[in-house]
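Listed below are the residues making up each chain.
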Amino acid sequence: MLQRNQIPPSVDLRNRPTELPSLAETFDAFVTYLLRQYWVILGTAGLCLFGGICYLMTAAPSYTALATMIIDTRKFQAFQQQSPANDVPVDSSAVESQVEILKSENVALAVIRDLKLNEDPEFIGSRAGAAGAVLDFVSGLFAGSAPSNEFDRTRRAVRAFQKQLDVRRRGMTYVIEVSFRSLDPERAAQIANAVADAYIVDQLDSKYQATRRASAWLQDRIKELRTQASNAERAVLDYKKTNNIVTSSGKLLNEQQLGELNTQLVHVKSQVTDAKAKLDRIEAVVKGGVPDATVADTLNNQVITKLRSQYLELANREADWSSRYGYNHLAAVNLRNQMREIQSSIIDELKRLAESYKSDYAIAVQRQNEIERAVNDSVSQSQSTNQAQVTLRELESSAQTYRSLYDNFLQRYMENVQQQSFPVSEARVITRASRPLSKSHPQTLVVLALSTLGGLIAGLGLGVLRDLYDRVFRTAEMVETILDADCVAIVPRVSPSQLKAPVVGRPNLPVGPRTIRRGDEPVLWAAIDAPFSRFSEAIRSIKVNADLNVTKPSKILGLTSALPNEGKSTLAFVFAQLVAQSGARVLLVDCDLRNPSLSRKVAASAERGILDVLSNNATLHDVLWRDPETGLAFLPGATRSRIAHSHEVLASDQMKDFIDAARGHYDYVIVDFPPLTPVVDVRITAHFVDSFVFIVEWGKTQVQVVERALRSARAVNENLLGVVLNKADIAAMSRYSGYGGKNYYCNSHYGRYGYTE
């Protein structure tokens, strides 16, 4: 027997980290979703497209005219005066503000009044076209009657006007586009131009009103400022007169005098320093007794300079004669005497100069003292004046402020008068609207594209909802994920056209009183009639899984389901036939005592069954039915009346003894049990059944029903061999699983001898 790898008990598959699906898996899941719900998606898209076509056929065409304006930031040279009201720099937010003004109700009312749109049926009447009539009918259910007075007509016209008007800025430029949509192309162009003109007139009027109000306010303010300026200047003059403050060339006189005295004081101090230096020098020379050679040059005196020249000449001659005739020669002695006389004269002259320098020094010092006294007196006077100057400066500042305000307001008043006489608007029309040549609404391609796209999106949403509410088993992955059990087989649905014609009889087969004969349900013999079909291969996979179950023997197999009519009895018979055909000894027992449908199908004339065997009223050999083609032994569940306590029969010791005895005589015992949900019989059969095979009808049995059934039958769940998806639509499965669908089963080589779809 084949062995399969065992997973260690320490490995918990349910607690493994969930891996995110790859891009290929995500794409594959999306493709299968489209294949699964394509008719819903295409149907919804088709309905929406049909609705779009109906709208295009019934909606009245409308035309859009476009006029362009520019907010011109450049001013004409003749009108560059600064306006107190509106002439501010134009930026992005200012342009957006102008857009909102164009959309305002004031502009709309001006156009409505000029063109009398409150009398136009397009603005106050019903909508055009069949679609408009439907909308009018729906809105009429919630709105009142038609407007009867002028105010109501105007309000309705304003609402309709603003809905059809579109104003937007072109990119980041100063250009504004004004478009209007109307049923009449001429009317659309007329209204678009009227909106631009009304906006310009509104801007001019607002500027005129603003400048006029500003002029009136400026006149009153100028009068007030003139009075305040005059009073402030008069207060300055009175304060100067009271405090004897005299100014010349904008400066106080005592400040000018103090500056001049400081200049004189600096000059006198320099003279005192020079005189003192000369006096000290000459006194040092006189005190030495011998005049310095540089005294004449330093003092720059003509007498001393002349005596110095004579002295030098005699000194040269004395030196010459002394060298010729000797130092004591009479001529040399006379020359030296003359030199001493000249030297004495120089000293006398120096003394005289020293007296003169003393006099100059004394005069300079006296003059310095006088100027310093004058400076001190001027400083004392300036300090008292500066204290008064603080208050004077405040008065002068106030007077200057009032005078500046007066001049500024007077200038603004003159500019405002000029602006009022000729107001200028920053906006101008650069392209006037003309009659549109083609309709703008409804746009055929846009409506068709949007309706198709909306239909596809709605279809995708409906498909998702259908998937969310489609709580049935469609794939083996769903079985393994939701039920945490193996999906041992996917049995395809066999249609009548795929089945062979019933065989009336075969000559070499024995026929007895308890022989199973072919009836009106050829599906019961589909596996042995077409052994190479997908149907037969799916049944074989149940046996393979039972043989590979190494954890416990699977000789006693019980087949059950959650609900009736899921095909468990048919699968039990076909499975038993196929196993018996392989040469194994197989016993098929119908234990659905409440509803023995299998017995009615293959042994309709049976009068005795399993109850007779358990009650010892008959032996097993006396009640067994046999299939002559496969050698299958069948124990029917024939009962003369309905049994209320059938679960007690299945839980009895006789039933266990019977199964134990059958275990020794047969290779496989296949038991057809009733479904789990209606009755409780299967829940107490785990004591004699090795493994259970749970049948789930593909695409029909609800997930919550199966989960509830397995939770209520814990013994069945613990001994579950696997789940079989029965009556599967192989073609439809390809739309739910990328590999578990039709192509997985339908191979040209392995399926050519069996039934094909």
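Our structure is the block above this text.
Residues numbered from 1 in each chain as written. Predicted model: local features only at pLDDT ≥ 70, side-chain atom pairs only at ≥ 80, totals over all residues. Heavy atoms only, no water.

Q: Tell me about the overall build of the protein chain, and name the residues and values.
A: What the protein chain contains, in helices and strands, is 25 helices and 14 strands. Expressed as a percentage of the 757 residues in the protein chain, the buried residues total 40%. (Helix = DSSP H or I, 4+ residues; strand = E, 2+ residues; numbered from the N terminus. Buried < 20%, exposed > 50% of the residue type's maximum accessible area, 1.4 Å probe, protein only.)

Q: Summarise the pattern of salt bridges; cite the residues concerned and give the values.
A: Overall, the coordinates contain 20 salt bridges when judged by the stated rule. Across the salt bridge formed by Arg168 and Asp166, the nearest N and O atoms sit 2.7 Å from each other. Note that Asp667 and Arg585 form a salt bridge whose closest N and O atoms lie 3.3 Å from each other. Of this pair, Asp667 sits in the loop between helix H21 (653-665) and strand S12 (668-672) while Arg585 sits in the loop between helix H16 (568-581) and strand S9 (586-590), and the two are 82 residues apart along the sequence. When its relative accessible area of 45% is taken as the criterion, Arg585 is described as partly exposed. Residues participating in the shared-partner salt-bridge network are Arg518, Asp529 and Glu629. (Salt bridge = Lys/Arg side-chain N within 4 Å of Asp/Glu carboxyl O.)

Q: I'd love a proper account of the nonpolar core, names of residues and values included.
A: Within the largest apolar cluster, 52 residues are counted, with the highest numbers of intra-cluster contacts made by Leu587, Ile610, Leu635, Phe658, Val669 and Phe694. No other element matches the 5 residues that helix H22 (residues 703-712) contributes to this core. Not counting residues within four places of it along the chain, the set of residues in contact with Phe658 comprises Leu587, Val589, Ile610, Val613, Leu614, Leu620 and Leu635. Ala576, Ala584, Val602 and Ile670 belong to the second largest nonpolar core, which has 43 residues in total. (Core = buried A, V, L, I, M, F, W, Y, C linked by side-chain atoms within 4.5 Å. Contact = heavy atoms within 4.5 Å.)

Q: How would you sum up the sheet that holds strand S3 (residues 175-182)? Please name residues and give values.
A: Taken in spatial order, the 4 strands of this open sheet run S2-S3-S1-S6, and their pairing is antiparallel. The sheet terminates laterally at strand S2 (165-169) and strand S6 (427-431), the two strands that pair on one side only. Strand-to-strand, the axes of this sheet are offset by a mean angle of 30°, without reference to chain direction. Relative to S3, S2 is paired through 5 bridges, and the arrangement is antiparallel. Considered in S3, the bridge of Leu165 is made with Phe180. The sheet strands contacting helix H7 (residues 185-242) are strand S1 (63-71), S2, S3 and S6, and the helix crosses S1 at an angle near 20°. (Pairing = 2+ DSSP bridges. Axes fitted to C-alpha atoms, helices over the stretch in contact; angles between N-to-C directions.)

Q: Go over unusual backbone geometry, please, and point to the residues and values.
A: Of note, the bond from His441 into Pro442 is cis; its omega dihedral lies within 30 degrees of zero at -10°. Within the secondary structure layout, Pro442 lies in the loop between S6 and helix H12 (444-469). Backbone geometry places Lys116, a non-glycine residue, at a positive phi of 55°. Tracing the sequence through the fold places Lys116 in the loop between helix H3 (105-115) and helix H4 (121-124). The phi torsion at Lys727 lies on the positive side, around 60°, for a residue other than glycine. Along the chain, Lys727 falls in strand S14 (residues 720-728). Look at Lys727 and you get partly exposed, because its relative accessible area is 22%.

Q: Can you lay out helix H13 (residues 476-483) for me, pointing to particular residues and giving the numbers?
A: Listed as buried for H13 are Ala476, Val479 and Leu483. Along the axis of H13, the buried residues cluster in a sector spanning 70°; they form a single face. At its buried positions, H13 is contacted by strand S7 (487-492), H22 and S14. At the exit of H13 stands Asp484, carrying a positive phi of roughly 55°. (Arc of directions from axis to C-beta.)

Q: Outline the environment of Val649, listing residues and values.
A: For Val649, the position within the fold is in helix H20 (residues 646-650). Residue classification places Val649 among the partly exposed residues on the basis of a relative accessible area of 21%. Residues Val649 and Leu614 lie 35 residues apart in sequence; the distance between their C-alpha atoms is 8.5 Å. When residues no more than four places from it in sequence are discounted, the contact partners of Val649 are Leu593, Leu611, Leu614 and Met655.

Q: Go over the packing of aromatic side chains, please, and point to the residues and values.
A: What characterises a pair of aromatic rings is the spacing of the ring centres plus the angle enclosed by the ring planes. Tallied over the full model, the rule gives 5 aromatic pairs. Relative to Phe180, the ring of Phe161 lies with its centre 5.1 Å away and its plane at 40°, an arrangement referred to as tilted. Of this pair, Phe161 sits in helix H6 (residues 150-164) while Phe180 sits in strand S3; the two residues are 19 residues apart in sequence, bridging distant segments of the chain. The same class applies to Phe161 as to Phe180, namely buried. On the basis of an interplanar angle of 65° and a centroid distance of 5.5 Å, the ring pair of Trp525 and Phe573 is categorised as edge-to-face. With Trp525 in the loop between S7 and helix H14 (526-529) and Phe573 in helix H16, the pair connects residues that are 48 residues apart, well separated along the chain. Owing to a relative accessible area of 0%, Phe573 belongs among the buried residues under this scheme. Every member of this aromatic cluster is reached through a ring pair, and the members are Phe123, Phe161 and Phe180. Lying across the ring of Tyr361, Lys276 places its NZ or CZ 5.4 Å from the centre. Geometry around Trp321 places Arg317 over its ring, the cationic atom sitting 5.6 Å from the centre. (Phe/Tyr/Trp six-rings, centres within 6.5 Å; stacked < 30°, edge-to-face > 60°. Lys NZ or Arg CZ within 6 Å of the ring centre and 35° of its normal.)

Q: Could you give an account of the packing of helix H1 (residues 23-58) against H12, naming the residues involved and the relevant values?
A: It is at 7 Å that the axes of H1 and H12 come closest, and there the two elements cross at 145°. Handedness of the H1/H12 crossing: right-handed. Looking at the contact of H1 with H12 residue by residue, the class counts come to 18 nonpolar, 10 polar and 3 charged. (Left-handed = near helix turned anticlockwise from the far one by under 90°. Nonpolar A, V, L, I, M, F, W, Y, C, P; charged D, E, K, R; others polar.)

Q: I'd love a proper account of the environment of Leu650, names of residues and values included.
A: Summarising the element assignment, Leu650 is placed in helix H20. When the C-alpha positions of Leu650 and Arg683 are compared, they lie 9.8 Å apart, and in sequence the two are 33 residues distant. Look past the residues within four positions of Leu650 in its chain and what remains in contact with it is Cys591, Leu593, Met655, Asp681, Ile684, Thr685, His687 and Phe688.

Q: A description of helix H15 (residues 534-547) should follow, citing residues and the corresponding values.
A: The end-to-end C-alpha distance of H15 is 20 Å, a good match for the 20 Å that 14 residues give at a rise of 1.5 Å each. Within the span of H15, buried status applies to Arg534, Phe535, Ser536, Ala538, Ile539, Ser541, Ile542, Ala546 and Asp547. (Expected span 1.5 Å × (residues − 1).)

Q: Give me the packing of helix H2 (residues 92-102) against H7: which residues, what numbers.
A: One can describe the packing of H2 onto H7 by two numbers: an axis separation of 10 Å at closest approach and a directional angle of 115°. If you check the angle between H2 and H7, you find them roughly perpendicular. The interaxial crossing formed by H2 with H7 has right-handed handedness. Residues Gln98, Ile101 and Leu102 of H2 touch H7, and the partners they reach there are Val195, Tyr199, Asp202 and Gln203. Here the residues of the contact of H2 with H7 are counted per class, giving 4 nonpolar, 2 polar and 1 charged. (Parallel < 35°, antiparallel > 145°, perpendicular 65-115°, else oblique.)

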